[in-house]
Amino acid sequence: MDSLEDRALRPAERPSTLLTDLYELTMLQAYHAQRMNDIAVFELFVRRLPPGRNFLVAAGLEQVVDYLAGLRFTGEELDWLAGERRFSRAFVDSLAGLRFTGDLDALPEGTVFFPDEPILRVTAPLREAQLVETRVMNLVHYETIAASKAARVALAARGKLLVDFGLRRAHGAEAGLLSARASYLAGFDGSATLEARRRFGIPVFGTMAHSYVQAHADEAAAFECFARSQPDNATVLIDTYDTERAAAKVVGLAERGVPVAGVRIDSGDLGEHARRVRALFDDAGLDRLTIFASGNLDEYRIEELERSGAPIDGYGVGTRMNTSADAPFLDCAYKLQEYAGVPRRKRSEGKATWPGRKQVFRRHGPDGCFAADTLTLVGEAAAGEPLVVPVMRGGEVLEPRMTLEVARDHARGQLSRLPPALRALGPAPAYPVELSDKLRALAAEIDAKS
C-alpha cells in the first residue's frame, strides 16, 4: 500500500516544469549564451504585512521540496520548447539533464514570521536557482496566505472544532487541496475534501446538503434515512425550511433511538438559532447532540459568536479562509542576494533588499512569548534561537523530513507564544525585527560602490 509520502509525490500528478514564467527561460538562455552559471543565492521574503495582519505563518515548504527534488524537463516538453522557435536548439538540449543540485534552507512549516525575514533560501547554480523562482513563489505564497488566515480563525475559535469547507469555491483544484493542508497545519481539525485525506492523511468531516433534504417528501424521513446510513456520526442540516421545527424533528428521532449525532445550521442568525436549538435539545435531555455552524464564516464572525456565548460546538469555514478574502495576496519577492561569492543588493525605490545570506534569531520574554527578532548575516552570532534551518543539501533532501503532524504541532506552539497584542484580530504595534550592525554595514558598503 502506498505511503502518504508516495501519494504526495506521484510524478503523474506533478505540474509540468513549463508551469513557469516565460522570462525564467529567456534569462536562462541568455545566461547559457554567456556561460554564466556560478553559484547564486536567492531568498524569498515578504516586504510588508497586509492590512489587518499582525503576523504570518510559513507554509508550503513540503511542496517546494517535492518540486525541487523532482525538477526535470520531459522529452515532450523540450520538443515543444524547440518547436516554439524562441529558443536555440543548443539551449533546449542543455536542459535535458537539468536537475536541482543545490541547497535549500528555510523556516520550518508552521513558523510565525514577519517582514524581511527569509522564508526560504535557495543556493544553487544560477540557472537552477533562477528557473525555480515562479513555482517556488507560487507554492509558498498561496499556502502561507491560507495558513495565516486559518491561524487567525483558530485563535478566534478558542479550541472549537474547525473544518475546512472551501473546495467548491477555491480558485482551482490545487488551491482547494493545498488550502485544506495549510488550514490543518495552522490549527483546523480537518477538511471536507476527501483528497486531502488520501494525499495528506488529514481527517475528513461531512454532513449533508439542502438538496438531500429537498429530494425527500418529508424532512424527518430525510434525517432518519441519512442517520441510519451513517450511524457512527450523522450530522443533519436543519435550516432548509424552518430551523427550530427541524430541530424538534431531530429530538423526536433521537428519542426513538435514531443515531443522530448533531445538527448543522448554515443560514440566518447563527447565534440565535443555536441558542434556541440548544434549549430544545437540553429540555429533551439531549445534551450529547452537537451544534455545528457554517455559512460565510471568518475569524471576525466567529469571534463575535464566541464573545456572545453562542452554544456552537464547531465551525465549517470555507470561502473566506481559502481565498484569504480580506488579504488575498502578499507583497512577497524572490531576490538575488549573492552571485559568484559577491553579495548583491537591489536598490529599487520602495523595493530595496538587504544583501547576503541571512539568518533570523528570535528572543523570548520572561513570559515565554516572542520578544524581538534580529536579522543577521549567516555566520553571525546573535542572542536568541536561529529560525532558518537546512532542508536540502546538494539536491538531496535531509532526513528526517518534517511531517504534517509535526508541522501542525510546531504551528500550535508558535501561536501560543505570540504576544497577546499580536493574537488579537485588530491592528497591533509592529513586532520588532532588528537588523544587525554587520548587515547594515554590508548594505552601506555595497551602496557606496554603486
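This text follows the structure it describes.
Residues numbered from 1 in each chain as written. Predicted model: local features only at pLDDT ≥ 70, side-chain atom pairs only at ≥ 80, totals over all residues. Heavy atoms only, no water.

Draft legend 1. View of the overall build of the protein. Within the protein one finds 18 helices and 19 strands. Overall, the C-alpha framework of the protein stretches about 80 × 55 × 40 Å when taken along its three principal axes. Residues counted as buried form 52% of the 450 residues belonging to the protein. Excluding contacts between residues fewer than 6 apart, the proportion of contacts in the protein whose partners are at least 24 apart in sequence is 75%. Looking at the protein as shown, the accessible area adds up to about 19,900 Å², and 52% of this sits on carbon and sulfur atoms. Side-chain charges of the protein comprise 56 positive and 63 negative groups, with the mean position of each set lying 3 Å from the other. (Helix = DSSP H or I, 4+ residues; strand = E, 2+ residues; numbered from the N terminus. Buried < 20%, exposed > 50% of the residue type's maximum accessible area, 1.4 Å probe, protein only. Contact = heavy atoms within 4.5 Å. Areas by Shrake-Rupley, 256 points an atom, 1.4 Å probe, with all protein chains shown as cover. Lys, Arg positive; Asp, Glu negative; His and termini not counted. Charge placed at Lys NZ, Arg CZ, Asp CG, Glu CD.)

Draft legend 2. Representation of the side chain of Glu24 within the structure. Along the chain, the position of Glu24 falls in helix α2 (residues 22-34). There is a polar contact of 3.1 Å between the side chain of Glu24 and the side chain of Gln130. Those residues in contact with Glu24 that lie beyond four places of it in its chain are Gln130, Leu131, Glu133 and Thr134. (Polar contact = N/O pair within 3.5 Å; in protein donor to acceptor, adjacent residues only side chain to side chain.)

Draft legend 3. Highlighting the packing of helix α11 (residues 219-229) against helix α12 (residues 243-255). Close contact between α11 and α12 brings their axes to 10 Å; oriented N to C, the two are set at 50°. As the angle between them shows, α11 and α12 are arranged oblique. The way α11 lies across α12 gives a crossing that is right-handed. Here Glu219, Ala220, Phe223 and Glu224 of α11 lie close against α12, whose contacting residues are Ala246, Lys249, Val250 and Leu253. (Axes fitted to C-alpha atoms, helices over the stretch in contact; angles between N-to-C directions. Parallel < 35°, antiparallel > 145°, perpendicular 65-115°, else oblique. Left-handed = near helix turned anticlockwise from the far one by under 90°.)

Draft legend 4. Just the pattern of salt bridges, in detail. As enumerated under the stated definition, the model contains 37 salt bridges in all. Residues Glu174 and Arg135 are paired through a salt bridge, measuring 2.8 Å at the closest nitrogen-oxygen approach. With Glu174 in helix α8 (residues 173-185) and Arg135 in helix α7 (residues 133-157), this pair connects stretches of sequence that are 39 residues apart. Taking relative accessible area as the criterion, Arg135 reaches 6% and is therefore assigned buried. The residue Arg357 makes a salt bridge to Glu338 at a minimum N-O spacing of 2.8 Å. Separated by 19 residues along the polypeptide, Arg357 in the loop between β13 (342-343) and β14 (358-364) and Glu338 in strand β12 (residues 331-339) bring together distant segments of the chain. (Salt bridge = Lys/Arg side-chain N within 4 Å of Asp/Glu carboxyl O.)

Draft legend 5. Expanded view of the sheet that holds β12. In spatial order, the strands read β13-β12-β1-β5-β3-β17-β18; together these seven strands make up an open sheet with antiparallel pairing. Both outer strands of the open sheet, β13 and β18 (396-397), are each paired with one neighbouring strand and no more. Bridging between strand β1 (residues 39-48) and strand β5 (residues 120-125) involves six bridges; their strand directions are antiparallel. The residue bridging Ala40 from the neighbouring strand is Ala124, located in β5. On the sheet, α7 packs against β1, β5 and β12 and is oriented at approximately 140° with respect to β12. (Pairing = 2+ DSSP bridges.)

Draft legend 6. The sheet that holds strand β8 (residues 234-237), seen in detail. In space, the six strands of this open sheet follow the order β7-β6-β11-β10-β9-β8, with parallel pairing throughout. Both outer strands of the open sheet, β7 (190-191) and β8, are each paired with one neighbouring strand and no more. Sheet analysis places strand β6 (residues 161-164) next to β7, joined by two bridges and oriented parallel. For Val163, the partnering residue across the bridge sits in β7 and is Gly190.

Draft legend 7. Summary view of the side chain of Thr193. Within the secondary structure, Thr193 sits in the loop between β7 and α9 (194-200). In contact with Thr193, not counting residues within four places along its chain, are Asp164, Leu167 and Val204.

Draft legend 8. Spatial organisation of α12. Counted at 1.5 Å a residue, the expected span for α12 with its 13 residues is 18 Å, and the 19 Å between its end C-alpha atoms agrees. Of all the positions in α12, only Thr243, Glu244, Ala246, Ala247, Val250, Val251, Leu253 and Ala254 are classed as buried. Across the axial projection of α12, the buried residues extend over an arc of 165°, all falling on one side. Facing away from the buried surface of α12 by more than 90 degrees, the exposed residues are Arg245 and Glu255. For α12, the secondary structure elements touched by its buried residues are α11, β8, β9 (260-265) and α13 (270-283). Its side-chain oxygen at 3.3 Å from the backbone nitrogen of Glu244, Asp242 defines the N-terminal cap of α12. (Expected span 1.5 Å × (residues − 1). Arc of directions from axis to C-beta.)

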